[in-house]
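Structural overview for review
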Amino acid sequence: MLQFLNAIGEIESKLSVGIAGGGEEFELLYKQIQDVRHKTLDVRLLGNLSSVEKETFMQSTKVFVFPSLMINDDVEGLPVALLEALATNKIVVASRATNIEQMPEWEHIKCNVLLLKDPTNPFEFATILSSALQKEPKDISPHMKRYEWLNLITEYIKLLNC
């Protein structure tokens, strides 16, 4: 993580980085972020967010990053948080391991997505993030309506009631 933050700090000045979510490596990540003393980055580890906090976070974010890794041909599937970011017309930096290119809406949404070839490469990550920060998002919300949280839950409940 420190390599990525340092690479970002070398390319972008006065950048605020918010990392949302929890997980098994939260404590380690928290310690690493406390050790970062980079003069240009404001790094905040936000942890798990409530629905209201998540909405506020999404609205305040210019670029959403999801650098998933494929390990032994295993991926975590298409992340809901990635869909939510696209539904709010955010520029997204993602790896191919998210399977975003498999979405039926791909041709309509790819204008707001920058793909990482190697999400383990800090320089590529920082370079793509820098490009994403310069990019203006297109309005793809009509193509993403079905992925808004309320619509996902409604579809899920319909499936359960069949």
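Residues numbered from 1 in each chain as written. Predicted model: local features only at pLDDT ≥ 70, side-chain atom pairs only at ≥ 80, totals over all residues. Heavy atoms only, no water.

1. Some words on the overall build of the protein chain
Counting secondary structure elements, the protein chain contains eight helices and five strands. In terms of overall dimensions, the protein chain is globule-like: its C-alpha atoms have a radius of gyration of 16 Å, near the 15 Å expected for 162 residues. Principal-axis analysis of the C-alpha atoms places the extent of the protein chain at approximately 55 × 35 × 30 Å. Out of the 162 residues belonging to the protein chain, those deemed buried represent 40%. Restricting to contacts in the protein chain with at least 6 residues of sequence separation, those with at least 24 account for 66%. Surface summary for the protein chain: the accessible area is close to 10100 Å², and the carbon and sulfur share equals 53%. (Helix = DSSP H or I, 4+ residues; strand = E, 2+ residues; numbered from the N terminus. Rg over C-alpha atoms; globule rule 2.2 N^0.38 Å. Buried < 20%, exposed > 50% of the residue type's maximum accessible area, 1.4 Å probe, protein only. Contact = heavy atoms within 4.5 Å. Areas by Shrake-Rupley, 256 points an atom, 1.4 Å probe, with all protein chains shown as cover.)

2. A closer look at unusual backbone geometry
Not every positive phi belongs to a glycine, and Asn89 is a case in point at roughly 60 degrees. With respect to the helices, strands and loops of the structure, Asn89 is situated in the loop between α4 (80-87) and β4 (91-95).

3. Considering the packing of aromatic side chains
One pass over the structure, following the stated rule, counts one aromatic pair. With 6.3 Å between their ring centres and 25 degrees between their planes, Phe64 and Phe66 make a pair best called stacked. Like Phe64, the residue Phe66 is buried in the burial classification. (Phe/Tyr/Trp six-rings, centres within 6.5 Å; stacked < 30°, edge-to-face > 60°.)

4. Things to note about the sheet that holds β4
Taken together, the three strands give an open sheet; going across it, the order is β3-β4-β5, and neighbouring strands pair in parallel fashion. Two strands in the sheet have a free side with no partner beyond their single neighbour: β3 (63-66) and β5 (113-116). Across the sheet, the mean angle from the axis of one strand to that of its neighbour is 15 degrees, orientation sign disregarded. Pairing between β4 and β5: four bridges, direction parallel. Pairing of Val92 across the sheet is with Val113, part of β5. Sheet contacts for helix α6 (residues 122-134): β3, β4 and β5; angle to β5, the most-contacted strand, approximately 175 degrees. (Pairing = 2+ DSSP bridges. Axes fitted to C-alpha atoms, helices over the stretch in contact; angles between N-to-C directions.)

5. A look at the pattern of salt bridges
Under the defined criterion, the tally for this structure stands at five salt bridges. Note that Lys62 and Glu136 form a salt bridge whose closest N and O atoms lie 3.9 Å from each other. Highlighted residues: Lys62 in the loop between α3 (51-60) and β3 and Glu136 in the loop between α6 and α7 (141-144), separated in sequence by 74 residues. With its nearest N and O atoms 2.9 Å apart, the salt bridge here joins Arg96 to Glu101. The class for Arg96 is partly exposed, based on a relative accessible area of 44%. Using a relative accessible area of 27% as the deciding quantity, one classes Glu101 as partly exposed. (Salt bridge = Lys/Arg side-chain N within 4 Å of Asp/Glu carboxyl O.)

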